[in-house]
Amino acid sequence: MIKGNTLKALNDQVNAEYYSAYLYLAMSAYADRAGFKGVANWLFVQAQEEMAHATHIYQHILERGGTPAFSDIKAPGASYGSVKEVFEKVLTHERFVTGLIDKIASVALGENDHATYNFIMWYVNEQVEEEANADEILSKLNFIGDNNGLLYNLDSTLAARVFTDPFAAAAQNQQP
Ligand code: OFO
């Protein structure tokens, strides 16, 4: 049975994951309107991943006998000055989320909830990837500078990203 502080931290994280989805949708909309369809695609896929994270944590709360609690999702900022600014904000946000995930791990251990600790380790690893992905794109943008041709190439590369449900394989393994 899940305990109070761990339950609160997980419920807060469901909200944070939905906020992440909102944020990336807002960024995706900016990129789309600005003509960067590949960047818009990358961010839209990122938003889909965040929603998958939110529902995965929600399911863990239920599985551990907790009650999901819902709170307002903050509106994200919607105006950006450049694609580079977008990815600077993606990286800053993912670093912030890493801090939230680390805190859940500490709270779960403090309440002897090894099941939640084990569960949240997936996110600890995921955050390494989330930060690295944003960092890699930002490094490329720093290299590109004002070169529109290179920016166009990067946009084309980001158009190839496709959403794959990170939990689909695990769900299939649970089928009888
Ligand atoms: Fe849910 O990983 Fe980004 O925020």
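Note that the structure is a prediction, hence the values are computed from the model and not measured.

Peer 1: Account for the overall build of the protein chain, naming residues and giving values.
Peer 2: Helix and strand counts for the protein chain come out as six helices and zero strands. Secondary structure elements of the protein chain occur, N-terminal to C-terminal, as α-α-α-α-α-α. By the compact-globule yardstick of 16 Å for 176 residues, the protein chain fits well, its C-alpha radius of gyration being 18 Å. Reported as C-alpha extents along the three principal axes, the dimensions of the protein chain are approximately 55 × 35 × 25 Å. Relative to all contacts within the protein chain whose residues are 6 or more apart in sequence, the contacts with residues 24 or more apart total 80%. Averaging the locations of the 12 positively and 22 negatively charged side chains of the protein chain gives two centres separated by 4 Å.

Peer 1: Give me unusual backbone geometry: which residues, what numbers.
Peer 2: What you tend to see is this: most non-glycine residues have negative phi, and most peptide bonds are trans. Even without being glycine, Asn112 reaches a positive phi, approximately 60°. Residue position: Asn112 is located in the loop between α3 (83-110) and α4 (114-144). Accessibility expressed as a relative area gives 56% for Asn112, which makes it exposed.

Peer 1: Account for the packing of α3 against α4, naming residues and giving values.
Peer 2: Running from N to C, α3 and α4 cross one another at 165°; their axes reach a closest spacing of 9 Å. Taken as axis vectors, α3 and α4 run roughly antiparallel relative to one another. Our pair here, α3 against α4, has a crossing hand that is left-handed.

Peer 1: Please give an account of the packing of aromatic side chains that cites residues and values.
Peer 2: Counted under the stated rule, the structure contains six aromatic pairs. Summarising the aromatic geometry, the rings of Trp42 and Phe87 are spaced 5.4 Å apart at their centres and angled 65° between planes, so their arrangement reads as edge-to-face. Linking Trp42 in helix α2 (residues 37-63) with Phe87 in helix α3, this pair joins segments that are 45 residues apart in sequence. For Trp42, a relative accessible area of 8% gives the class buried.

Peer 1: Describe the environment of Phe70, with residues and values.
Peer 2: Along the chain, Phe70 falls in the loop between α2 and α3. By relative accessible area, which is 67% here, Phe70 ends up exposed. Along the sequence, Phe70 and Met1 sit 69 residues apart, while their C-alpha atoms lie 20 Å from each other.

Peer 1: Tell me about the pattern of salt bridges, residues and numbers included.
Peer 2: Applying the stated rule across the entire model yields eight salt bridges. Its salt-bridge partner being Asp12, residue Lys8 comes within 2.7 Å of it at the nearest N-O pair. Here Asp12 and Lys8 lie together in helix α1 (residues 4-33), a separation of four residues that amounts to about one turn. Judged by relative accessible area, which is 39%, Asp12 ranks as partly exposed. Close ionic contact of Lys37 with Asp32 constitutes a salt bridge, the shortest N to O distance being 3.1 Å. Linked through salt bridges whose partners overlap, the residues forming this network are Asp32, Arg33 and Lys37.

Peer 1: Outline the environment of Lys140, listing residues and values.
Peer 2: In this fold, Lys140 is placed in helix α4. Residue class for Lys140 comes out partly exposed when judged on its relative accessible area of 38%.

Peer 1: Describe the environment of Val97, with residues and values.
Peer 2: Its place among the elements puts Val97 in helix α3. When near neighbours in sequence (up to four residues on either side) are disregarded, Val97 contacts Gln13, Glu17, Ser20 and Gln127.

Thresholds, definitions, all that
Residues numbered from 1 in each chain as written. Predicted model: local features only at pLDDT ≥ 70, side-chain atom pairs only at ≥ 80, totals over all residues. Heavy atoms only, no water. Helix = DSSP H or I, 4+ residues; strand = E, 2+ residues; numbered from the N terminus. Rg over C-alpha atoms; globule rule 2.2 N^0.38 Å. Contact = heavy atoms within 4.5 Å. Lys, Arg positive; Asp, Glu negative; His and termini not counted. Charge placed at Lys NZ, Arg CZ, Asp CG, Glu CD. Buried < 20%, exposed > 50% of the residue type's maximum accessible area, 1.4 Å probe, protein only. Axes fitted to C-alpha atoms, helices over the stretch in contact; angles between N-to-C directions. Parallel < 35°, antiparallel > 145°, perpendicular 65-115°, else oblique. Left-handed = near helix turned anticlockwise from the far one by under 90°. Phe/Tyr/Trp six-rings, centres within 6.5 Å; stacked < 30°, edge-to-face > 60°. Salt bridge = Lys/Arg side-chain N within 4 Å of Asp/Glu carboxyl O.

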